Structure formats: C-alpha cells, structure tokens
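Residues per chain, in single letters:
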Amino acid sequence: MDPVVIPILVAAIVVIFLVASSVRIVPQARRYNIERFGRYRRTLQPGLNLVIPVADRINTKLDVREQVYSSDPRPVITEDNLVVNIDTVLYYQITDPRAAAYEVADYLQAIDQLTVTTLRNVIGSMDLEETLTSREEINSRLRAVLDDATGKWGIRVNRVEIKAIDPPHTIKEAMEKQMRAERDKRAAILHAEGERQAKILTAEGTRQKDILEAQGAQQAMILRADGEAKAVELVFQAVHRNNADPKILAYKYLETLPHLASSDNNTFWVIPGELTEAVRTVTSAFGNQAATGTPPPPAQPEGQAAADTDGTSQPTRSPELEASSTILLDAAAAADEAGKQAVAAVNDAKAEAEAAKSPQMPHRGEPSGS
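Residues numbered from 1 in each chain as written. Predicted model: local features only at pLDDT ≥ 70, side-chain atom pairs only at ≥ 80, totals over all residues. Heavy atoms only, no water.

(A) Looking closely at the packing of aromatic side chains. Evaluation of the coordinates by the stated rule reveals two aromatic pairs. Relative to Tyr102, the ring of Tyr40 lies with its centre 5.5 Å away and its plane at 65°, an arrangement referred to as edge-to-face. With Tyr40 in strand 3 (residues 39–44) and Tyr102 in helix 2 (residues 97–102), this residue pair connects regions lying 62 residues apart in the sequence. Relative accessible area serves as the criterion here: at 29%, Tyr40 is assigned to the partly exposed category. One Lys or Arg, Lys61, reaches over the ring of Tyr32 and ends 5.0 Å from the middle of that ring. (Phe/Tyr/Trp six-rings, centres within 6.5 Å; stacked < 30°, edge-to-face > 60°. Helix = DSSP H or I, 4+ residues; strand = E, 2+ residues; numbered from the N terminus. Buried < 20%, exposed > 50% of the residue type's maximum accessible area, 1.4 Å probe, protein only. Lys NZ or Arg CZ within 6 Å of the ring centre and 35° of its normal.)

(B) The arrangement of the nonpolar core in detail. Of all hydrophobic cores here, the largest spans 28 residues; its most connected members are Ile86, Leu90, Tyr107, Leu119, Ile138 and Ile155. The set of elements that each furnish at least two residues to this core consists of strand 8 (83–94), helix 3 (107–123), helix 5 (135–150) and strand 9 (155–166). Top contributing element to this core by residue count: helix 3, with seven residues. Here Ile86 is in contact with Asp72, Pro73, Arg74, Val76, Leu119, Ile123, Ile162, Ala164 and Ile165, once residues within four sequence places are set aside. (Core = buried A, V, L, I, M, F, W, Y, C linked by side-chain atoms within 4.5 Å. Contact = heavy atoms within 4.5 Å.)

(C) Quick peek at the confidence of the model for the protein chain. Looking at the protein chain, the pLDDT average stands at 75 and 66% of residues meet or exceed 70. Taking the mean pLDDT of every element in the protein chain, the minimum, 41, falls on helix 9 (residues 302–310) and the maximum, 91, on strand 2 (residues 30–36). Throughout residues 290–328 the model reports pLDDT below 50, and contacts reaching past four residues in sequence, or to other chains, amount to 14 contacts. A low-confidence stretch, residues 360–370 (pLDDT under 50), is modelled with two contacts involving residues beyond four sequence positions or located in other chains. (pLDDT = per-residue confidence, 0-100.)

(D) View of a positive patch on the surface. On the surface, Lys177, Arg180, Arg183 and Arg186 cluster together into a positively charged patch. Tracing the backbone shows Arg180 in helix 6 (residues 169–242). (Patch = residues over 30% accessible without salt bridge, like charges linked within 9 Å, V, L, I, M, F, W, Y side chains within 5 Å. Areas by Shrake-Rupley, 256 points an atom, 1.4 Å probe, with all protein chains shown as cover. Salt bridge = Lys/Arg side-chain N within 4 Å of Asp/Glu carboxyl O. Lys, Arg positive; Asp, Glu negative; His and termini not counted. Charge placed at Lys NZ, Arg CZ, Asp CG, Glu CD.)

(E) Broad picture of the side chain of Thr115. Structurally, Thr115 is set in helix 3. At 2.7 Å, the side chain of Thr115 and the backbone oxygen of Ile111 are in polar contact. Ignoring any residue separated from it by four or fewer positions in sequence, one finds Thr115 in contact with Thr88, Leu142 and Leu146. (Polar contact = N/O pair within 3.5 Å; in protein donor to acceptor, adjacent residues only side chain to side chain.)

(F) Quick look at unusual backbone geometry. Residue Ala29 is not a glycine yet carries a positive backbone phi of 65°. Considering the arrangement of structural elements, one finds Ala29 in the loop between strand 1 (23–26) and strand 2. We classify Ala29 as buried; its relative accessible area is 15%. Here the phi dihedral of Asn81 falls at roughly 60°; this positive angle occurs in a residue that is not glycine. Within the secondary structure layout, Asn81 lies in the loop between strand 7 (74–77) and strand 8.

Written out as structure tokens, the structure reads:
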C-alpha cells in the first residue's frame, strides 16, 4: 500500500469526526446547555446547530414542555390536631433552561419539599372541616408560594391540585356517622314537609267541598222556597179566583187536622185553637143549608091523618121545624164525629210517643206479666 495514502485516509477520518462533532441537531421542545471548557456558553435551540468540537460539550438536555409531577402522600397536622395524609399534583414548565440547570441542583426535589412545607403551613391554620371544603383556597395559596419561589429557578408553576385528603380511620367513621345523621335529618324534614303539604291540601279540599255543599244546599233551599212560594201563590190565586166559601175552608181544615199526627217522628202535638171555630163554622154551614133548602115532609100514615082530622090526636110540630131540627142534628153529629176523630188521632200520637220513650213498660190492655 502506498505510504502517501495512509496519511490521507487518517486526515479524512479526522475531518469527518470533527465535522460530525461540530453538528448538533436539537429536537422540538428541547433545549441543550452548551459548556465551553466547563463554562456555560449558550443554549441550543431546536434545529441544526454548530459547536466547536472538543471545546464545546452538552451539559444538560431539558424538556420545556409542561410537566406533571405527583408527590407521595405526606402527613399534615390540622389546626384541631388531626393528622391527615395529603398528596398533590404539580403542573410546571421550564422557562429558563440555564437557570433550571445552574440555579438549583435538583428542581424536582426542591419543588417537592417546597410544596410539603407550604402545604403544612396552609393546612396548619385550618381545621379538618375547613380543609376538606377549602381545596380551591389551598390550591391558590400553594400556587402563589411556589410560583414566587421557583421563578428564579427558571420554572413556572402553572397549577397545583390536591389529589386526595385522607383523614384517620376513626375520623372517617365519625364523618360517616355524621353524614348518615344529616341524611336521616333531611329525610325526616322532607317527610314532615310532605305530610304537612298533604294535610294542607286535604284541608283545603275539605274546605272547598264544604263550601260547595253549603252553596248547593243554599241554592236548593232557595229553589225549594221559590217553588213553595209559587205553589202557595197559585193556590191563593185559585182560591180568590174561585171565591171559595169559608165553609169549604173550614171543612178542609177539619179534614186535614188528623194528618198532623200521622208522622212516626212526632213526639209533641199541639191542638190548634181554631178547632172549635172550625167545628162551629161547619155546624153553621149545615144549618144554613137547612134554612135555605127544606125537603118535603114525609108521608103520614092514614090512622094518624084520620086522628088529626078528627082532632083526637095531640098537636104535632110543623114539618119545616122537624126537617130543620133533623139537619141541625146531622151537622152537630158530623162536627162531633170530626172532633172525636181529631182527639183520637191526638191520643194515638201521644201513645206512640210514650211507647217510643219507654218501650219496657207494658201497653194498655196487656197483662203486666207479659
């Protein structure tokens, strides 16, 4: 092999190595920190970059995308001396690769420790119930403290979230009992409200029903009274139009009188004071008929006629007087019969009332031992 070729090959290999060493390709969303002879020189941006071989070297490769860091559960003491385990989720982003590489040795560990100390300070000023219900406030205070502290490290904390808060087992049982009691209380209140509304609606419905029934009864009574008034008016007009005689009215009065005691519920019956007047009116009516229309005298036997002719018999009354006295007797008998029927109806009504009041007493005419 030609001795000239060997140095040429060696030189070519050295040139290729130098060229390859001077070219650096940086991916998107990455940053490379370059040191020249151990001192920070610059930060390579994404794309093709040239460096000096042997003199420049890459110290750190950083990802500038938003990162997620989840911490382990850490014990924290609340204001009411209860130990709770809290784990957090941290969203951060590197904004200055040089500061992230040279201002802090391990930024993840520094962020974790700063989160724990800040969380203990925040939770230490709250009780357990406030801690469980104030997550937004805790997140805001943590983010403000971390963002202020990590700014000089070239890191921006975008968001801090509390992933879980685990109280002790005894506290969990007490909280479950409290929640169960609260649910039972709300259920009892809702049940009582439902019953109250149901009773109110039922009472309102009953009230509306009573009002409607009363209005219906009122209208019925008004219509019934109107009908009775019209009937009385028609009867009154008919009586006046036909010019009824007081004798007929007195007779109808006596005819209706026995029906007053016909009801089974009548326990007290009053005899009208007009009864004797009605009897007197009927009697006078029959007497007036006898005075106006006299029937012919009855035929006398021949012996009695002969005796009268001979003048041997005793003097007798005139036929007109006999007919008049007969009619008066019939009217008086009819009036007495009507009065007796009325008194009998009254007595029957009284007897039925007494029998209804004392059913154990024996009736009249029945033996006492029955």
